[in-house]
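Chains, contacts and geometry: an overview
The chain contents come next:
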Amino acid sequence: MNTFKSKHSRFWMLSFILFFFLFLSFIYEPLLSKLLTIRVDKAIINGELTYPPFSPVEVKPFGTDILGFTIFAKVIQGFKYTFFMGLLLSIAQILISLFLSSLTVYKLGRTMLLPVFSYLDKLFAFIPKPFLLLLLIGPYYHAIIFSADDSLPSTNMKFLLIQLIILFLVGLPNLVKLYHNELTLLFNQDFAEASLSLGSTKFRSIWYSFRPQLTELTLNLLFKILTQNLSLFIYLAYFQLYLGGSLVMQLDVSTKYTVTMSNEWSGLIGQNINRLASTPWTVLIPLAFYGGLILLLNRMKRALVGGMENQHTY
(Lines give C-alpha, C1' and ligand atoms only; values in the text may rest on other atoms or scores of the structure.)
Protein backbone atom coordinates (compact mmCIF):
# COMPACT_ATOMS: atom_id res chain seq x y z
CA MET A 1 0.00 0.00 0.00
CA ASN A 2 2.85 2.40 0.82
CA THR A 3 4.38 1.67 -2.59
CA PHE A 4 1.09 2.56 -4.27
CA LYS A 5 0.83 5.85 -2.35
CA SER A 6 4.44 6.66 -3.20
CA LYS A 7 3.91 6.11 -6.92
CA HIS A 8 0.62 8.01 -6.81
CA SER A 9 2.21 11.05 -5.13
CA ARG A 10 5.16 10.87 -7.53
CA PHE A 11 2.79 10.98 -10.49
CA TRP A 12 1.03 14.09 -9.19
CA MET A 13 4.34 15.77 -8.43
CA LEU A 14 5.55 15.13 -11.99
CA SER A 15 2.17 16.30 -13.33
CA PHE A 16 2.54 19.55 -11.37
CA ILE A 17 5.93 20.16 -13.00
CA LEU A 18 4.44 19.57 -16.44
CA PHE A 19 1.42 21.83 -15.85
CA PHE A 20 3.60 24.55 -14.34
CA PHE A 21 5.68 24.81 -17.52
CA LEU A 22 2.51 24.64 -19.62
CA PHE A 23 1.13 27.54 -17.56
CA LEU A 24 4.27 29.58 -18.25
CA SER A 25 3.95 28.83 -21.95
CA PHE A 26 0.28 29.87 -22.06
CA ILE A 27 0.91 33.20 -20.37
CA TYR A 28 3.81 33.98 -22.71
CA GLU A 29 1.82 36.02 -25.27
CA PRO A 30 -0.34 38.03 -22.82
CA LEU A 31 2.29 38.59 -20.10
CA LEU A 32 5.78 37.11 -20.39
CA SER A 33 6.44 38.51 -23.88
CA LYS A 34 6.24 41.99 -22.32
CA LEU A 35 8.62 41.09 -19.50
CA LEU A 36 11.24 38.92 -21.20
CA THR A 37 13.92 39.99 -23.65
CA ILE A 38 12.63 38.73 -27.00
CA ARG A 39 15.39 39.92 -29.30
CA VAL A 40 18.90 41.34 -29.00
CA ASP A 41 19.86 42.85 -32.35
CA LYS A 42 23.17 44.28 -31.07
CA ALA A 43 25.15 44.51 -27.86
CA ILE A 44 28.38 45.90 -26.46
CA ILE A 45 30.69 42.95 -25.73
CA ASN A 46 34.13 43.66 -24.28
CA GLY A 47 33.83 47.27 -25.34
CA GLU A 48 32.95 46.46 -28.95
CA LEU A 49 29.65 46.62 -30.79
CA THR A 50 28.66 43.03 -31.61
CA TYR A 51 25.82 41.54 -33.63
CA PRO A 52 24.02 38.18 -33.22
CA PRO A 53 24.27 35.33 -32.68
CA PHE A 54 25.15 35.70 -29.00
CA SER A 55 26.29 32.79 -26.84
CA PRO A 56 24.72 31.97 -23.41
CA VAL A 57 27.71 33.70 -21.80
CA GLU A 58 27.02 36.93 -23.70
CA VAL A 59 23.20 36.91 -23.43
CA LYS A 60 21.89 34.96 -20.46
CA PRO A 61 20.50 32.43 -19.90
CA PHE A 62 20.56 30.57 -23.25
CA GLY A 63 21.90 33.01 -25.85
CA THR A 64 20.27 33.92 -29.16
CA ASP A 65 19.95 32.55 -32.68
CA ILE A 66 21.54 34.20 -35.70
CA LEU A 67 18.62 36.66 -35.96
CA GLY A 68 19.07 37.74 -32.34
CA PHE A 69 15.91 36.09 -30.95
CA THR A 70 16.54 34.72 -27.46
CA ILE A 71 16.40 30.95 -27.12
CA PHE A 72 14.87 31.28 -23.65
CA ALA A 73 11.79 33.14 -24.92
CA LYS A 74 11.38 30.78 -27.88
CA VAL A 75 11.55 27.70 -25.64
CA ILE A 76 8.85 29.07 -23.32
CA GLN A 77 6.57 30.11 -26.18
CA GLY A 78 6.92 26.90 -28.15
CA PHE A 79 6.34 24.39 -25.34
CA LYS A 80 2.53 24.48 -25.52
CA TYR A 81 2.57 23.86 -29.27
CA THR A 82 5.03 20.97 -28.94
CA PHE A 83 3.12 19.25 -26.16
CA PHE A 84 -0.46 19.73 -27.31
CA MET A 85 0.14 18.86 -30.96
CA GLY A 86 1.75 15.62 -29.80
CA LEU A 87 -0.94 14.95 -27.19
CA LEU A 88 -3.95 15.61 -29.43
CA LEU A 89 -2.43 13.53 -32.23
CA SER A 90 -1.78 10.64 -29.84
CA ILE A 91 -5.27 10.77 -28.28
CA ALA A 92 -6.89 10.76 -31.73
CA GLN A 93 -4.81 7.75 -32.78
CA ILE A 94 -5.70 5.88 -29.58
CA LEU A 95 -9.44 6.54 -29.73
CA ILE A 96 -9.89 5.79 -33.43
CA SER A 97 -7.74 2.65 -33.29
CA LEU A 98 -9.71 1.37 -30.27
CA PHE A 99 -12.98 1.94 -32.13
CA LEU A 100 -11.73 0.25 -35.30
CA SER A 101 -10.26 -2.70 -33.40
CA SER A 102 -13.60 -3.20 -31.62
CA LEU A 103 -15.14 -3.68 -35.07
CA THR A 104 -12.61 -6.39 -35.93
CA VAL A 105 -14.02 -8.74 -33.29
CA TYR A 106 -17.10 -9.12 -35.51
CA LYS A 107 -17.04 -11.27 -38.63
CA LEU A 108 -17.49 -8.41 -41.10
CA GLY A 109 -14.74 -6.32 -39.51
CA ARG A 110 -12.47 -9.35 -39.21
CA THR A 111 -12.80 -10.16 -42.91
CA MET A 112 -12.72 -6.60 -44.31
CA LEU A 113 -10.91 -4.26 -41.91
CA LEU A 114 -8.33 -6.48 -40.22
CA PRO A 115 -6.56 -7.69 -43.43
CA VAL A 116 -6.17 -4.07 -44.59
CA PHE A 117 -4.63 -2.88 -41.33
CA SER A 118 -2.48 -6.01 -41.05
CA TYR A 119 -1.11 -5.42 -44.55
CA LEU A 120 -0.41 -1.74 -43.86
CA ASP A 121 1.24 -2.58 -40.54
CA LYS A 122 3.61 -5.03 -42.27
CA LEU A 123 4.25 -2.56 -45.10
CA PHE A 124 5.09 0.28 -42.70
CA ALA A 125 7.36 -2.05 -40.74
CA PHE A 126 9.61 -2.43 -43.80
CA ILE A 127 9.81 1.33 -44.42
CA PRO A 128 11.26 3.46 -41.58
CA LYS A 129 8.66 6.00 -40.50
CA PRO A 130 10.91 9.06 -40.92
CA PHE A 131 11.52 8.24 -44.59
CA LEU A 132 7.87 7.32 -45.11
CA LEU A 133 6.79 10.68 -43.69
CA LEU A 134 9.35 12.48 -45.81
CA LEU A 135 7.99 10.79 -48.95
CA LEU A 136 4.38 11.61 -48.04
CA ILE A 137 4.74 15.12 -46.59
CA GLY A 138 7.62 16.49 -48.67
CA PRO A 139 5.64 16.94 -51.91
CA TYR A 140 2.90 18.85 -50.07
CA TYR A 141 5.51 21.20 -48.62
CA HIS A 142 6.78 22.18 -52.03
CA ALA A 143 3.29 22.35 -53.52
CA ILE A 144 1.72 24.42 -50.74
CA ILE A 145 4.48 26.49 -49.13
CA PHE A 146 6.75 27.23 -52.09
CA SER A 147 3.88 27.93 -54.46
CA ALA A 148 2.44 30.58 -52.12
CA ASP A 149 3.50 34.19 -52.62
CA ASP A 150 4.04 34.60 -48.89
CA SER A 151 3.65 32.56 -45.72
CA LEU A 152 0.00 33.24 -44.92
CA PRO A 153 -1.55 31.86 -41.70
CA SER A 154 -4.13 29.96 -43.76
CA THR A 155 -1.35 28.35 -45.83
CA ASN A 156 0.56 27.30 -42.71
CA MET A 157 -2.62 25.94 -41.09
CA LYS A 158 -3.43 23.91 -44.21
CA PHE A 159 0.07 22.44 -44.20
CA LEU A 160 -0.18 21.68 -40.45
CA LEU A 161 -3.44 19.78 -40.97
CA ILE A 162 -1.88 17.75 -43.78
CA GLN A 163 1.10 16.90 -41.56
CA LEU A 164 -1.10 15.81 -38.65
CA ILE A 165 -3.40 13.74 -40.89
CA ILE A 166 -0.45 11.89 -42.42
CA LEU A 167 1.14 11.32 -39.00
CA PHE A 168 -2.24 10.08 -37.74
CA LEU A 169 -2.72 7.61 -40.61
CA VAL A 170 0.83 6.27 -40.49
CA GLY A 171 0.56 5.38 -36.80
CA LEU A 172 -2.93 3.88 -36.99
CA PRO A 173 -2.37 0.33 -38.41
CA ASN A 174 0.00 -0.79 -35.66
CA LEU A 175 -2.33 0.47 -32.94
CA VAL A 176 -5.32 -1.32 -34.47
CA LYS A 177 -3.31 -4.57 -34.54
CA LEU A 178 -2.24 -4.12 -30.90
CA TYR A 179 -5.79 -3.51 -29.69
CA HIS A 180 -7.12 -6.38 -31.81
CA ASN A 181 -4.59 -8.79 -30.31
CA GLU A 182 -5.50 -7.63 -26.80
CA LEU A 183 -9.23 -8.02 -27.45
CA THR A 184 -8.68 -11.49 -28.94
CA LEU A 185 -6.76 -12.50 -25.83
CA LEU A 186 -9.46 -11.14 -23.52
CA PHE A 187 -12.30 -12.86 -25.39
CA ASN A 188 -10.46 -16.17 -25.00
CA GLN A 189 -10.52 -15.84 -21.20
CA ASP A 190 -12.94 -18.04 -19.27
CA PHE A 191 -14.84 -15.12 -17.72
CA ALA A 192 -15.47 -13.59 -21.18
CA GLU A 193 -16.72 -16.87 -22.65
CA ALA A 194 -19.00 -17.36 -19.65
CA SER A 195 -20.32 -13.81 -19.98
CA LEU A 196 -21.09 -14.29 -23.69
CA SER A 197 -22.81 -17.61 -23.04
CA LEU A 198 -25.04 -15.92 -20.46
CA GLY A 199 -26.28 -13.41 -23.02
CA SER A 200 -23.81 -10.52 -22.87
CA THR A 201 -22.79 -8.92 -26.16
CA LYS A 202 -19.28 -8.36 -27.47
CA PHE A 203 -19.89 -4.60 -27.45
CA ARG A 204 -20.81 -4.65 -23.75
CA SER A 205 -17.81 -6.85 -22.95
CA ILE A 206 -15.41 -4.41 -24.64
CA TRP A 207 -16.74 -1.20 -23.12
CA TYR A 208 -17.69 -2.54 -19.67
CA SER A 209 -16.23 -5.95 -18.77
CA PHE A 210 -12.79 -5.28 -20.30
CA ARG A 211 -12.56 -1.68 -19.09
CA PRO A 212 -9.83 -2.24 -16.44
CA GLN A 213 -7.56 -4.13 -18.86
CA LEU A 214 -8.16 -1.72 -21.74
CA THR A 215 -7.64 1.32 -19.50
CA GLU A 216 -4.25 0.07 -18.37
CA LEU A 217 -3.26 -0.79 -21.96
CA THR A 218 -4.49 2.58 -23.23
CA LEU A 219 -2.49 4.54 -20.66
CA ASN A 220 0.62 2.55 -21.55
CA LEU A 221 0.07 3.17 -25.24
CA LEU A 222 -0.76 6.85 -24.79
CA PHE A 223 2.59 7.65 -23.20
CA LYS A 224 4.40 5.40 -25.67
CA ILE A 225 2.71 6.89 -28.75
CA LEU A 226 3.16 10.44 -27.44
CA THR A 227 6.88 9.84 -27.07
CA GLN A 228 7.08 8.33 -30.56
CA ASN A 229 5.19 11.25 -32.09
CA LEU A 230 7.49 13.75 -30.39
CA SER A 231 10.45 11.87 -31.88
CA LEU A 232 8.85 11.96 -35.34
CA PHE A 233 8.45 15.73 -35.03
CA ILE A 234 12.23 16.02 -34.81
CA TYR A 235 12.71 13.87 -37.92
CA LEU A 236 10.35 16.13 -39.85
CA ALA A 237 12.10 19.25 -38.56
CA TYR A 238 15.47 17.92 -39.70
CA PHE A 239 14.15 18.16 -43.26
CA GLN A 240 12.66 21.60 -42.50
CA LEU A 241 9.08 20.25 -42.51
CA TYR A 242 8.18 22.28 -39.44
CA LEU A 243 4.83 21.78 -37.74
CA GLY A 244 2.79 24.91 -38.25
CA GLY A 245 4.68 26.06 -41.32
CA SER A 246 7.88 27.97 -41.94
CA LEU A 247 9.18 31.32 -43.12
CA VAL A 248 12.25 31.81 -45.31
CA MET A 249 14.43 34.73 -44.18
CA GLN A 250 16.93 36.26 -46.63
CA LEU A 251 20.02 36.97 -44.52
CA ASP A 252 22.11 38.23 -47.41
CA VAL A 253 22.39 37.79 -51.16
CA SER A 254 23.45 34.15 -50.94
CA THR A 255 22.16 32.98 -47.53
CA LYS A 256 18.63 31.97 -46.57
CA TYR A 257 17.42 30.97 -43.12
CA THR A 258 14.21 28.93 -42.80
CA VAL A 259 12.51 29.42 -39.42
CA THR A 260 9.55 27.74 -37.77
CA MET A 261 6.42 29.87 -37.44
CA SER A 262 5.16 28.28 -34.22
CA ASN A 263 8.53 28.05 -32.40
CA GLU A 264 7.66 24.50 -31.33
CA TRP A 265 10.75 22.74 -30.03
CA SER A 266 11.45 20.34 -32.89
CA GLY A 267 11.34 23.29 -35.27
CA LEU A 268 13.85 25.20 -33.12
CA ILE A 269 16.18 22.21 -33.37
CA GLY A 270 15.67 21.74 -37.11
CA GLN A 271 16.11 25.37 -38.10
CA ASN A 272 19.55 25.50 -36.46
CA ILE A 273 20.84 21.97 -37.06
CA ASN A 274 23.10 23.10 -39.90
CA ARG A 275 24.73 25.58 -37.52
CA LEU A 276 25.54 23.06 -34.81
CA ALA A 277 29.28 23.68 -35.16
CA SER A 278 29.08 27.48 -35.13
CA THR A 279 26.19 28.03 -32.67
CA PRO A 280 25.77 24.74 -30.75
CA TRP A 281 23.56 26.29 -28.04
CA THR A 282 20.79 26.96 -30.57
CA VAL A 283 20.46 23.18 -31.08
CA LEU A 284 21.59 21.64 -27.80
CA ILE A 285 19.43 23.76 -25.49
CA PRO A 286 16.07 23.02 -27.24
CA LEU A 287 17.23 19.40 -27.58
CA ALA A 288 17.91 19.25 -23.82
CA PHE A 289 14.40 20.54 -23.09
CA TYR A 290 13.00 18.03 -25.58
CA GLY A 291 14.86 15.19 -23.88
CA GLY A 292 13.69 16.46 -20.49
CA LEU A 293 10.06 16.39 -21.65
CA ILE A 294 10.36 12.81 -22.92
CA LEU A 295 12.08 11.76 -19.66
CA LEU A 296 9.31 13.44 -17.64
CA LEU A 297 6.61 11.63 -19.64
CA ASN A 298 8.36 8.27 -19.14
CA ARG A 299 8.58 8.91 -15.39
CA MET A 300 4.89 9.81 -15.29
CA LYS A 301 4.07 6.62 -17.17
CA ARG A 302 6.03 4.47 -14.71
CA ALA A 303 4.44 6.14 -11.72
CA LEU A 304 0.89 5.92 -13.10
CA VAL A 305 0.99 2.42 -14.56
CA GLY A 306 3.05 1.07 -11.67
CA GLY A 307 0.54 2.52 -9.22
CA MET A 308 -2.32 0.85 -11.10
CA GLU A 309 -0.52 -2.51 -11.01
CA ASN A 310 0.03 -2.19 -7.25
CA GLN A 311 -3.62 -1.27 -6.80
CA HIS A 312 -4.70 -4.41 -8.68
CA THR A 313 -2.45 -6.42 -6.36
CA TYR A 314 -4.15 -5.09 -3.30
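Values in this document were obtained by computation on a predicted structure and should not be read as measured data.

Attention shifts here to helix H3 (residues 71-103). In a regular helix each residue adds 1.5 Å, so 33 residues correspond to 48 Å; H3 covers 48 Å between its end C-alpha atoms and thus fits that length. Taking the largest bend as the criterion, H3 deviates by roughly 40 degrees, centred on Gly 78.

Counted by the stated rule, this structure contains one salt bridge. Here Glu 29 makes a salt bridge to Lys 80, at a shortest N to O gap of 3.1 Å. Of this pair, Glu 29 sits in helix H2 (residues 28-35) while Lys 80 sits in helix H3, placing them 51 residues apart in sequence. Overall, Glu 29 belongs to the partly exposed group, its relative accessible area being 33%. Residue Lys 80 is classed as buried on the basis of its relative accessible area of 7%.

At a minimum axis separation of 8 Å, helix H9 (residues 211-238) and helix H10 (residues 265-272) run at an interaxial angle of 30 degrees. On the basis of their axis angle, the class for H9 and H10 is roughly parallel. Regarding H9 and H10, the two cross each other, and that crossing is right-handed. When H9 is examined against H10, the residues Phe 233, Ile 234, Ala 237 and Tyr 238 are found in contact with a partner set consisting of Ser 266, Gly 267, Ile 269 and Gly 270. In terms of residue class, the contact of H9 with H10 is made up of five nonpolar, three polar and no charged.

Once that is clear, we can look at the packing of aromatic side chains. Counted according to the given criterion, the structure contains 15 aromatic pairs. Measuring from centroid to centroid gives 5.4 Å for Phe 11 and Trp 12, while their planes differ by 70 degrees, and the two rings are edge-to-face. Residue Phe 11 is classed as buried on the basis of its relative accessible area of 13%. On the basis of an interplanar angle of 80 degrees and a centroid distance of 5.0 Å, the ring pair of Phe 187 and Phe 210 is categorised as edge-to-face. Placement of the pair is Phe 187 in helix H6 (residues 153-187) and Phe 210 in the loop between helix H8 (202-209) and H9, with a sequence separation of 23 residues. Through successive ring pairs, a cluster of aromatic residues spans Phe 26, Phe 62, Phe 72, Phe 79, Phe 83, Phe 84, Trp 265, Phe 289 and Tyr 290. Above the ring of Phe 69, the side-chain terminus of Lys 74 is found at 4.9 Å from the ring centroid.

On to the layout of surface pockets. Summary: where empty space remains is shown by rolling a probe the size of a single water molecule over the atoms. Within this model, the largest pocket holds a volume of roughly 250 Å³. Considering the residues around the largest pocket, the lining is formed by 14 residues, among which Phe 21, Val 75, Phe 79, Trp 265 and Phe 289 are closest to the centre. Broken down by secondary-structure element, the contributors of at least two residues to the lining of the largest pocket are helix H1 (2-26), H3 and helix H11 (281-313).

Thresholds applied
- Residues numbered from 1 in each chain as written.
- Predicted model: local features only at pLDDT ≥ 70, side-chain atom pairs only at ≥ 80, totals over all residues.
- Heavy atoms only, no water.
- Helix = DSSP H or I, 4+ residues; strand = E, 2+ residues; numbered from the N terminus.
- Expected span 1.5 Å × (residues − 1).
- Bend = angle between axes of the 7 residues up to and from the residue.
- Salt bridge = Lys/Arg side-chain N within 4 Å of Asp/Glu carboxyl O.
- Buried < 20%, exposed > 50% of the residue type's maximum accessible area, 1.4 Å probe, protein only.
- Axes fitted to C-alpha atoms, helices over the stretch in contact; angles between N-to-C directions.
- Parallel < 35°, antiparallel > 145°, perpendicular 65-115°, else oblique.
- Left-handed = near helix turned anticlockwise from the far one by under 90°.
- Contact = heavy atoms within 4.5 Å.
- Nonpolar A, V, L, I, M, F, W, Y, C, P; charged D, E, K, R; others polar.
- Phe/Tyr/Trp six-rings, centres within 6.5 Å; stacked < 30°, edge-to-face > 60°.
- Lys NZ or Arg CZ within 6 Å of the ring centre and 35° of its normal.
- 1 Å grid on protein atoms, 1.4 Å probe; cavity = no way out; pocket = protein on both sides within 12 Å on 5 of 7 lines; lining within 4 Å.
- Points joined across faces, edges and corners; volume = space filled by probe spheres on them.

So far we have only geometry, and geometry alone does not tell us how the molecule works.
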